Amino acid sequence: MNVVRKMLFTGLVMAVMTGTAFASGQQGSQDTGKGLIGVVMPTRSEERWIKDGNAVKEGLEKLGYKVNLQFSDDDIPTQTRQIDDMITGGVKALVIASIDGSALSNQLANAAAAKIPIIAYDRLLMQSPNVDYYVSFDNYKVGGQMGDILIRGLKLDQATTAKPVIIELFAGSPDDNNSVGFYQGAMDKLQPYFTKGVLRVPSGQIERTVIGTLRWDASEAQKRMENLLSAYYSGNVVLDGILSPYDPISLSTLEACKAVGYGTTPGKPLPIVGGQDCVIASCKSILAGEQYATVLKDTRSLGAATVTLVDTLMQGRTPNGLDTQSYNNGAKIVPSLLLDSVIVTKDNLISAVVDTGYHTAAELGL
Ligand code: GAL
């Protein structure tokens, strides 16, 4: 983590702990009235967004706000309608985790015209000047952790050109700007090993646009993995690892490998696979020695940071200490608050996930 980001993160933790985040730089009149806040999450079918939505809602309600929380079923017209309704319903601020980051420009323009501040949550809202803040994790660093997982799990530092390590690559949804950071962060870590010739991708499918998974759909990734295995791995070639940007993709690509004998055939161990989001099924898989690792992005911290930001804005204050360099959405640089994430393997899963209460022992079947 670079120094600026480390300072931002440290500041955030202190702010969340003390409840005084962004407290300086007051401006304008003090509107301390507690209003209605609109919160839109992309889908209810993925574990994390339910946690995210609930964390933001509960945090805001504790401070006395009313919250209209909606999930958009991964359907863009549903999301645009929900935001339209929130604007006409008189929300005082909008927190939006988009489906397609570029699909909401009209809604954002209408919100801006009504002087409703807009916070892009986890996923950056793209191609619009009407985005006030971005609260997320450091997506490039998360990608770097995905790369580190493979470097460590595949022992890439010991690999030789005589026996290169074999992997295939998967990326996130092409319409989600986060996919760019995850991919770039991971590839910057892996590139030296490609250059040395100790790491190979037999399919040659390397570009983000080629390896993307629309809407992060695990079954689409599973089909692509099946196709890769039958097209490039029919001889003696054994897949050693998979770059996965998301836990359900990790699990579905592992399933495709199991279906052709990985994990049960001598000389074909399950490939090393990382992931992201620390979903319950992946935690169980990690404890069972199947998925190798994941990246924990604690939705509680993201929720708390968002609540503090909304409250700051509602009090008429100006947030400070934000990153004003990293995230250009194509129309402006969006001031960003970027949190830190943690690699989770079998070794630290209990301390990082269960002891912190992110998942309970019972949820993990322990
Ligand atoms: C990304 C998010 C990831 C993962 C993925 C699929 O935008 O940053 O953590 O949740 O969406 O939902």
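Residues numbered from 1 in each chain as written. Predicted model: local features only at pLDDT ≥ 70, side-chain atom pairs only at ≥ 80, totals over all residues. Heavy atoms only, no water.

Peer 1: Explain the overall build of the protein here, please?
Peer 2: Helix and strand counts for the protein come out as twelve helices and twelve strands. Scaling as 2.2 N^0.38, a compact globule of 366 residues should have a C-alpha radius of gyration of about 21 Å, and the protein matches this with 21 Å. Dimensions of the protein, computed from C-alpha atoms along their principal axes, come out at roughly 70 × 40 × 40 Å. Residues classed as buried in the protein amount to 54% of the 366 residues present. The long-range fraction of contacts in the protein, counting pairs at least 24 apart against all pairs at least 6 apart in sequence, stands at 74%. Across the protein, the 32 positively charged side chains and the 37 negatively charged ones have centroids separated by 3 Å. (Helix = DSSP H or I, 4+ residues; strand = E, 2+ residues; numbered from the N terminus. Rg over C-alpha atoms; globule rule 2.2 N^0.38 Å. Buried < 20%, exposed > 50% of the residue type's maximum accessible area, 1.4 Å probe, protein only. Contact = heavy atoms within 4.5 Å. Lys, Arg positive; Asp, Glu negative; His and termini not counted. Charge placed at Lys NZ, Arg CZ, Asp CG, Glu CD.)

Peer 1: Please explain the pattern of salt bridges as it appears in this structure.
Peer 2: One side chain can pair with another of opposite charge once the charged atoms of both are near each other. The final tally for this structure, using the stated rule, is 13 salt bridges. Note that Arg 215 is salt-bridged to Asp 175, the shortest N-O span being 2.3 Å. Taken together, the residues span a long stretch of sequence, with Arg 215 in the loop between helix H7 (208–211) and helix H8 (218–232) and Asp 175 in the loop between strand S6 (165–169) and helix H6 (178–196) at a distance of 40 residues. A single salt-bridge network, built from bridges that share partners, covers Arg 48, Asp 52, Asp 122, Asp 277 and Lys 297. (Salt bridge = Lys/Arg side-chain N within 4 Å of Asp/Glu carboxyl O.)

Peer 1: For this particular structure, what's the right way to read the environment of Gly 185?
Peer 2: Assignment of secondary structure puts Gly 185 in helix H6. Along the sequence, Gly 185 and Leu 254 sit 69 residues apart, while their C-alpha atoms lie 23 Å from each other.

Peer 1: In this structure, what is going on with the sheet that holds S6? I would like to understand it.
Peer 2: Strand pairing in a sheet takes place through backbone hydrogen bonds and is either antiparallel or parallel in direction. Taking strand neighbours across the sheet as the criterion, the four strands line up as S7-S6-S8-S9 in an open arrangement whose pairing is parallel. Edge strands, defined here as strands with exactly one partner in the open sheet, are strand S7 (199–200) and strand S9 (272–273). Sheet analysis places strand S8 (residues 241–243) next to S9, joined by two bridges and oriented parallel. Bridged to Gly 241 within S9 is Ile 272. Contacts from helix H5 (residues 139–153) reach S6, S8 and S9 within the one sheet, and its direction differs from that of S8 by about 170°. (Pairing = 2+ DSSP bridges. Axes fitted to C-alpha atoms, helices over the stretch in contact; angles between N-to-C directions.)

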